[in-house]
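# Fold and geometry: a report
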Amino acid sequence: MLLVWLYGVMVVGAVSRSAVQISTEFGHAPLAYSLSAVAGLVYGFITYSLVRGGETARKAALVCCAAELLGVLVVGTWTLVEPSAFPDATVWSDYGMGYLFIPVLLPLSAVYWLRKGSAGDR
């Protein structure tokens with residue numbers, strides 16, 4: 001239940017942030033704002049999968065959490081190596097520092113939880 005709640009909060013944060021940024025200042029940092037929107041969609045799908053339950057949804061959530069973690073690591077590293085590519089931050093910038101590192105800790109926690117046992121064990 002905690003994972004669902006945290007992912008739900010991240011959906012609201014990422015989608016709200018990107019919607020405002022895209023609608024008001026997209027030309028300033030289109031890559032950053034688009035990546036925040038993508039993060040919001042990923043969070044939304046993971047939240048839906050966790051709520052839906054079942055083995056297929058669990059596997060889909062696991063794949064998406066792994067992809068999310070990869071995205072956080074790639075974007076986080078990219079923002080440190082080439083900061084000029086990101087004139088404004090994304091949800092995943094600096095490994096989610098602006099979100100208290102939740103974007104990097106959440107998929108790690110979710111992958112651990114989703115892999116720790118079968119659906120019947122939860």
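Below you will find a few notes about this structure. (Residues numbered from 1 in each chain as written. Predicted model: local features only at pLDDT ≥ 70, side-chain atom pairs only at ≥ 80, totals over all residues. Heavy atoms only, no water.)

Here we take up a nonpolar patch on the surface. Taken together, Leu31, Leu70, Val74 and Trp78 make up a surface patch of nonpolar side chains, about 360 Å² in accessible area. Examining the composition of the nonpolar patch, we find that 3 residues originate from one element, helix H3 (residues 55-81), more than from any other. Along the chain, valine 74 falls in helix H3. (Patch = residues over 30% accessible without salt bridge, like charges linked within 9 Å, V, L, I, M, F, W, Y side chains within 5 Å. Areas by Shrake-Rupley, 256 points an atom, 1.4 Å probe, with all protein chains shown as cover. Salt bridge = Lys/Arg side-chain N within 4 Å of Asp/Glu carboxyl O. Helix = DSSP H or I, 4+ residues; strand = E, 2+ residues; numbered from the N terminus.)

In this structure, leucine 100 takes a positive phi of about 60° despite not being glycine. Locating leucine 100 in the fold gives a position in the loop between H3 and helix H4 (102-115). Look at phenylalanine 101: it is not a glycine, yet its phi comes out positive at around 65°. Of note, phenylalanine 101 is situated in the loop between H3 and H4.

With that settled, consider the nonpolar core. Ranked by internal contacts, the top residues of the largest apolar core, which has 28 residues, are Tyr7, Tyr43, Leu50, Val91 and Trp92. Of all the secondary structure elements, the ones that give two or more residues to this core are helix H1 (2-25), helix H2 (30-52), H3 and H4. (Core = buried A, V, L, I, M, F, W, Y, C linked by side-chain atoms within 4.5 Å. Buried < 20%, exposed > 50% of the residue type's maximum accessible area, 1.4 Å probe, protein only.)

Let us now look at the environment of tryptophan 113. With respect to the helices and strands, tryptophan 113 occurs in helix H4. A C-alpha to C-alpha distance of 31 Å links tryptophan 113 and valine 81, two positions 32 residues apart in sequence.

As a further point, take the pattern of salt bridges. Under the definition given, this model contains 1 salt bridge. A salt bridge links glutamate 55 to arginine 58; its shortest N-O distance comes to 2.5 Å. Linking glutamate 55 with arginine 58, this pair stays in helix H3, spanning 3 residues, or about one helical turn. Take glutamate 55: its relative accessible area is 33%, and that puts it in the partly exposed class.

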